[in-house]
Structure formats: structure tokens, C-alpha cells
Amino acid sequence: KQLGVGGWDLAVAPDGTIYATAWSSVTRFRTDGSIANSWNTDADSVAVAPDGTVYVAYEASLVEYGIRRFTGGGYLLAEWGSEGVGDGQVQYPADVAVAPDGTIYVAQSYDGECGNNRVHRIQHFSATGELLGKWGSFGIGDPTPTPGPTPTVTPTNTPWASSRGASHATPTPTPSPTETHLDA
């Protein structure tokens, strides 16, 4: 199926349906490959929770950033985040992952001045957007031990991150709710 120019990400829902992002839309495919529905939204990354809720990380025109929460049918339930590197802000979201307990991890990466294709920060949110923890920071150099922009979460809720273009993944430390490592 043609998804459009620049398909970014896909995720499989618990019922087997597949969600794919392509620039400014999300398309849901049935298990037979036919299109169930699609909706317009800025969408760089997609993840599906155990209850079928769809989360989309987006960057729009390099000035709007955030996470949107949808029903499987594309109805917007909530959104959070904004430009910046403060608590709960999700500037440059590279990927979103859902843990088995339904909490959300957002990896943030910026190649511009750092030029190293690394995750600079991972934030952990409740299903409704409450910040639960964070680790890493934005800045020049080696801000965090996480090697890439793509998080995944194991069945034991351990977040891992993989490198772009590399063949390895690294477990990342689970942040405490009060841990803060932010560079202005």
C-alpha cells in the first residue's frame, strides 16, 4: 500500500492492526492489509498501548512539538508537550514507546549543533501526560549514555534505546521521579 512520501514509523496494536505514520497522517491497516481508516495529524512516531490507545510524537515546522493521544479510530483524546527542554516539554521527539503498564517513554534527539544522532533525553509519562521521570539532557558533547533515538520497552518495563544505523541496543537506567539532568 502507498502511504505517501516519507513513511516514518509503524506499530502493531494488540488486536493485530497496524498503524503507520507518513508525514502528516496516521493510517490504520486491518490484519488483511486493507486500510481501516486514516487521519491527518503531524506524526513522526507512533506507538500503541495495551488498551489500543494510539500515541503519536510529532514535530511540526520545527516550532511545534508534542505527544498526541488518540483512540484507535483517530479521535483525539489529549495532547501534551511543547517546544523547550523543561519538565514535560518534548522538543525534538525522536520516538515514542508504550510500556506494558501503559506508561509512555519519549526519546528526544537533536542532530543540529550536537551532530551525534543520540538520544539526549528520555521522559517517562503517565498515559494522560503526567511526567513520571526523566533522564539525560540537551547539550554539546556526551550528555547521556543512551546511544540512539529509538526507545523500546521490555515486558518488565525496562526501557532500551538503539542507535540509528547501528546494530546494537543499550538498556537505559530507569529514572527516579525526582531525577533531573537538564542543561539550559
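Values in this document were obtained by computation on a predicted structure and should not be read as measured data.

## Things to note about the environment of threonine 53
Link 1 in the chain: Here threonine 53 shows up in the loop between strand 5 (45-48) and strand 6 (54-60).
Link 2 in the chain: Along the sequence, threonine 53 and glycine 102 sit 49 residues apart, while their C-alpha atoms lie 9.1 Å from each other.
Link 3 in the chain: Within the local environment of threonine 53, its side chain forms a polar contact with the side chain of aspartate 51, the two groups lying 2.7 Å apart.

## Remarks on the confidence of the model for the protein
Link 1 in the chain: Averaged over all residues, the pLDDT of the protein is 74; the fraction at 70 or higher stands at 64%.
Link 2 in the chain: Throughout residues 140-150 the model reports pLDDT below 50, and contacts reaching past four residues in sequence, or to other chains, amount to 46 contacts.

## A look at the nonpolar core
Link 1 in the chain: Tyr55, Ile67, Val96, Ile104 and Val106 are the most contacted members of the largest nonpolar core, which has 14 residues in total.
Link 2 in the chain: Elements that contribute at least two residues to this core include exactly strand 6, strand 7 (64-70), strand 9 (93-98) and strand 10 (104-109).
Link 3 in the chain: When neighbours within four sequence positions are excluded, isoleucine 67 is seen to be in contact with Tyr55, Val56, Ala57, Tyr58, Ala78, Glu79, Trp80, Val90 and Val106.
Link 4 in the chain: Ala11, Val26, Ala43 and Phe70 belong to the second largest nonpolar core, which has 11 residues in total.

## What about the environment of arginine 69?
Link 1 in the chain: When you line up the elements, arginine 69 lands in strand 7.
Link 2 in the chain: Owing to a relative accessible area of 17%, arginine 69 belongs among the buried residues under this scheme.
Link 3 in the chain: Expressed as a C-alpha distance, the spacing of arginine 69 and glutamate 79, which sit 10 residues apart in the sequence, is 6.0 Å.
Link 4 in the chain: For arginine 69, the contacting residues outside a window of four places in its chain are Thr53, Val54, Tyr55, Tyr75, Leu76, Leu77, Ala78, Trp80, Ala127 and Thr128.

Cut-offs applied
- Residues numbered from 1 in each chain as written.
- Predicted model: local features only at pLDDT ≥ 70, side-chain atom pairs only at ≥ 80, totals over all residues.
- Heavy atoms only, no water.
- Helix = DSSP H or I, 4+ residues; strand = E, 2+ residues; numbered from the N terminus.
- Polar contact = N/O pair within 3.5 Å; in protein donor to acceptor, adjacent residues only side chain to side chain.
- pLDDT = per-residue confidence, 0-100.
- Contact = heavy atoms within 4.5 Å.
- Core = buried A, V, L, I, M, F, W, Y, C linked by side-chain atoms within 4.5 Å.
- Buried < 20%, exposed > 50% of the residue type's maximum accessible area, 1.4 Å probe, protein only.

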